[in-house]
Amino acid sequence: QSEMNDRNDNLKEECPLALAVDMGWDGLASLLQRSRNRFANDSSTTVTGGAMGSPPGAGTTDPPLFFRDQTPVQPDEAEVAYNRNPFSAYLDGCSVVLNHADLLCPRLAALCLDLQKSFPHVYVNSYLTPPGAQAVPAHADDRDVLVIQILGEKMWTVYGNVPIAHPYPPEQVGKGNLDVPDAVLNGPTVIDTTLRQGDVLYMPRGYVHEARTESTQPSFHATVAIASHDWTLAGNVSELVSRSLTSVPEFRVAVDRSIGRAAAATTTSDQNGHLSSLQTQIDHALDIIREKVSAQQIASQLSIKYRRQNDLSCAARTELIREETTETVNMPSNTCNDGKVEVQVVGPEASKRVFVGTVVRASTDEERASVKPPQRPANAGPSDRGLTVREETCLPLMTVVQRLKHDPNLKVKVSDLLSLIRDDTETASLGMVCTLSILSFVRCCVELGAVAIVS
């Protein structure tokens, strides 16, 4: 048994997939914090947020996206209600979506680097969903994806009728103004299953699917996107044809204004003459296409696409991995007048050090007073420094603060707080309270100054 455990540990060290699946709640907390830091600091990456084929630098990784009841929370509301804090949004029952999470999480970065030994280009979008929720409605994607369940559980339904085979971006049903046909939703399903930690689901391009959590389990999964819509024969031939013909000045000129308008032609002879002239141009265009469009040209075009995307993304991922392996944990601190260094135990910087194994206590009046209110948009009105928590988890989570305040000498690990509130709360009301709920709540309380880290 000992030898088997050693082999499993060695395999985990060597296998990027195993490392990603093993990131744990602390790894997820670091990912969420990094996404918040990046956009709070107004920094960005140079990798595009769109599909392959977008010009380099055309976009960046997106800020955290919040969804409530299958509806996106608008940016203004996310700013006002949650200050773009994913932990705060999660506590209020929102799902949190991170596009290009492989540029935020070293383990997901390593997974993508490994997968690109087999695929031309991949990237990861991640989805965090609280218990009893569904982030987005049923939809189909324009790419093949691998769904990797990392934490918790999620129930998946995949429908058997494919409304549009191998869709391009404008043809994704369930997105934008293109509804999923009733015949698909009322038709047969090909998968009805629950994914658990370590499970992987392959979702072919075009299949309509939806996923939801049960009432007692959150879910965090990574979707590895394989942008197959950008590698199609039709798409690449179209690009080559367009580029070849638009480089010829005569093909950039409008056709005779009488073509297509029979009444505009003076005589039948004139009309036939214009059509004959147009056919000559078309024949010339086809000769150019036959010369310019070939298997080798398509291979060269794809090679340029792959290199353009991978040079940017691989450099960013490699740097992210390097930073994690070389950085040291620095305790946020202030230098006092007497020269002594005072470690911060409350406030935004201190909250970044809250993990499952962190020991916390009630803050003192002085510590609470030292925390400045967060900066808020001008249209947000005065801040009461409060926190919005979904009704199903409010009572148990408030018990945490009450217990700590009741006994100033009480010092508890975050991982033990669930046991602590079980003693004071009916078990039935703990259904939606999970490790991440408590971790997110404590992080927010430390940021606001209600709870302090034991230094």
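Residues numbered from 1 in each chain as written. Predicted model: local features only at pLDDT ≥ 70, side-chain atom pairs only at ≥ 80, totals over all residues. Heavy atoms only, no water.

## A few points about the overall build of the protein chain
Reasoning step 1: Counting its regular elements, the protein chain contains 15 helices and 15 strands.
Reasoning step 2: Looking at the 455 residues of the protein chain, the share that counts as buried comes to 43%.
Reasoning step 3: Long-range pairs, those at least 24 residues apart, make up 80% of the contacts in the protein chain between residues at least 6 apart in sequence.
Reasoning step 4: Total accessible area computed for the protein chain in this model is approximately 23200 Å², and 50% of it derives from carbon and sulfur atoms. (Helix = DSSP H or I, 4+ residues; strand = E, 2+ residues; numbered from the N terminus. Buried < 20%, exposed > 50% of the residue type's maximum accessible area, 1.4 Å probe, protein only. Contact = heavy atoms within 4.5 Å. Areas by Shrake-Rupley, 256 points an atom, 1.4 Å probe, with all protein chains shown as cover.)

## So, the pattern of salt bridges
Reasoning step 1: Taken as a whole, this structure holds 15 salt bridges when the rule is applied.
Reasoning step 2: Close ionic contact of Glu 239 with Lys 305 constitutes a salt bridge, the shortest N to O distance being 2.9 Å. Of the two residues, Glu 239 is situated in helix H8 (residues 233-246) and Lys 305 in helix H10 (residues 295-326); the sequence distance between them amounts to 66 residues.
Reasoning step 3: Look at Glu 239 and you get partly exposed, because its relative accessible area is 31%.
Reasoning step 4: The partner of Asp 287 in a salt bridge is Arg 290, with the nearest N and O atoms 3.3 Å apart. Here Asp 287 pairs with Arg 290, and both are found in helix H9 (residues 268-292), just three residues apart, close to one helical turn.
Reasoning step 5: For Arg 290, a relative accessible area of 60% translates into the label exposed.
Reasoning step 6: Salt bridges sharing common partners tie together Asp 230, Glu 239 and Lys 305. (Salt bridge = Lys/Arg side-chain N within 4 Å of Asp/Glu carboxyl O.)

## Let's talk about the pairing of strand S3 (residues 95-98)
Reasoning step 1: Of the two faces of S3, the one holding Ser 95 and Val 97 and the one holding Val 96 and Leu 98 are both buried throughout.
Reasoning step 2: One ladder, built from three bridges, connects strand S1 (residues 65-68) with S3; its direction is antiparallel. Its bridge partner lying in S3, Leu 65 is registered against Val 97.
Reasoning step 3: Two elements, S3 and strand S4 (residues 122-129), share three bridges in a ladder whose sense is antiparallel. Within S4, the position partnered with Val 97 by the bridge is Tyr 127. (Pairing = 2+ DSSP bridges.)

## What to know about the state of the cysteines
A covalent bond between the sulfur atoms of two cysteines is what we call a disulfide.
Reasoning step 1: Scanning the entire structure with this criterion turns up zero disulfides.
Reasoning step 2: Looking at the unpaired Cys 112, the closest cysteine sulfur is the one in Cys 314, lying at 9.0 Å.
Reasoning step 3: Here Cys 445 stays unpaired: no disulfide links it, and the sulfur of Cys 444, its closest cysteine neighbor, is 7.0 Å away. (Disulfide = S-S within 2.5 Å.)

## Regarding the environment of Val 248
Reasoning step 1: Position of Val 248 among the secondary structure elements: in the loop between H8 and H9.
Reasoning step 2: Note on Val 248: relative accessible area 16%, which makes it buried.

## Section: the packing of helix H3 (residues 24-40) against helix H15 (residues 435-448)
Reasoning step 1: For the pair H3 and H15, the least separation of the axes is 11 Å and the interaxial angle reads 45°. On the basis of their axis angle, the class for H3 and H15 is oblique. The two elements H3 and H15 meet at a crossing, and its hand is right-handed. For the pair H3 and H15, the contacting residues are Trp 25, Asp 26, Leu 28, Ala 29, Gln 33 and Arg 36 in the first and Thr 435, Leu 436, Leu 439, Arg 443 and Glu 447 in the second. (Axes fitted to C-alpha atoms, helices over the stretch in contact; angles between N-to-C directions. Parallel < 35°, antiparallel > 145°, perpendicular 65-115°, else oblique. Left-handed = near helix turned anticlockwise from the far one by under 90°.)

## Considerations on the sheet that holds strand S7 (residues 189-195)
Reasoning step 1: With antiparallel pairing, three strands are arranged side by side in an open sheet as S7-S6-S9. Two strands in the sheet have a free side with no partner beyond their single neighbour: S7 and strand S9 (209-212). Going from strand to strand, the sheet's axes swing by 10° on average, the running direction of each strand aside.
Reasoning step 2: In this sheet, S9 lies alongside strand S6 (residues 154-159) in antiparallel orientation, the contact comprising four bridges. From the neighbouring strand, Thr 157 faces S9, where its bridge partner is Glu 210.

## Some words on the packing of aromatic side chains
Reasoning step 1: Considering all chains together, one arrives at two aromatic pairs under this definition.
Reasoning step 2: Centroid distance Phe 66 to Tyr 82: 5.9 Å. Interplanar angle 90°. Geometry classified as edge-to-face. Here the residue Phe 66 occupies a position in strand S1, and Tyr 82 occupies one in helix H4 (residues 75-82), the gap between them amounting to 16 residues.
Reasoning step 3: Given a relative accessible area of 2%, Phe 66 falls into the buried group.
Reasoning step 4: Owing to a relative accessible area of 3%, Tyr 82 belongs among the buried residues under this scheme. (Phe/Tyr/Trp six-rings, centres within 6.5 Å; stacked < 30°, edge-to-face > 60°.)

## Considering the pairing of strand S13 (residues 359-362)
Reasoning step 1: Where S13 and strand S14 (residues 412-413) come together, two bridges link them in antiparallel fashion. Across the sheet, the residue bridging to Val 360 is Val 412, located in S14.
Reasoning step 2: Bridge count for S13 against strand S15 (residues 451-453) is three bridges, and the pairing is antiparallel. Along S15, the bridge assignment pairs Arg 361 with Ala 452.

## Focus on unusual backbone geometry
Reasoning step 1: Non-glycine residue Arg 84 carries a positive phi angle of around 60°.
Reasoning step 2: Tracing the sequence through the fold places Arg 84 in the loop between H4 and helix H5 (86-91).
Reasoning step 3: The residue His 166 is not glycine, and still its phi comes out positive at about 50°.
Reasoning step 4: Within the element layout of this structure, His 166 appears in the loop between S6 and helix H7 (182-185).

## What to know about the sheet that holds strand S5 (residues 144-152)
Hydrogen bonds between backbone groups are what pair the strands of a sheet, and the pairing can be parallel or antiparallel.
Reasoning step 1: Pairing is antiparallel across the open sheet formed by seven strands, whose spatial order is S2-S1-S3-S4-S10-S5-S8. Looking at which strands have only one partner, the edges of the open sheet turn out to be strand S2 (71-72) and strand S8 (200-203).
Reasoning step 2: Pairing between S4 and strand S10 (residues 219-226): eight bridges, direction antiparallel. Bridge assignment links Asn 125 to a residue of S10, and that residue is Thr 223.

Interpretation note: all reported values are geometric properties and have no functional meaning in isolation.
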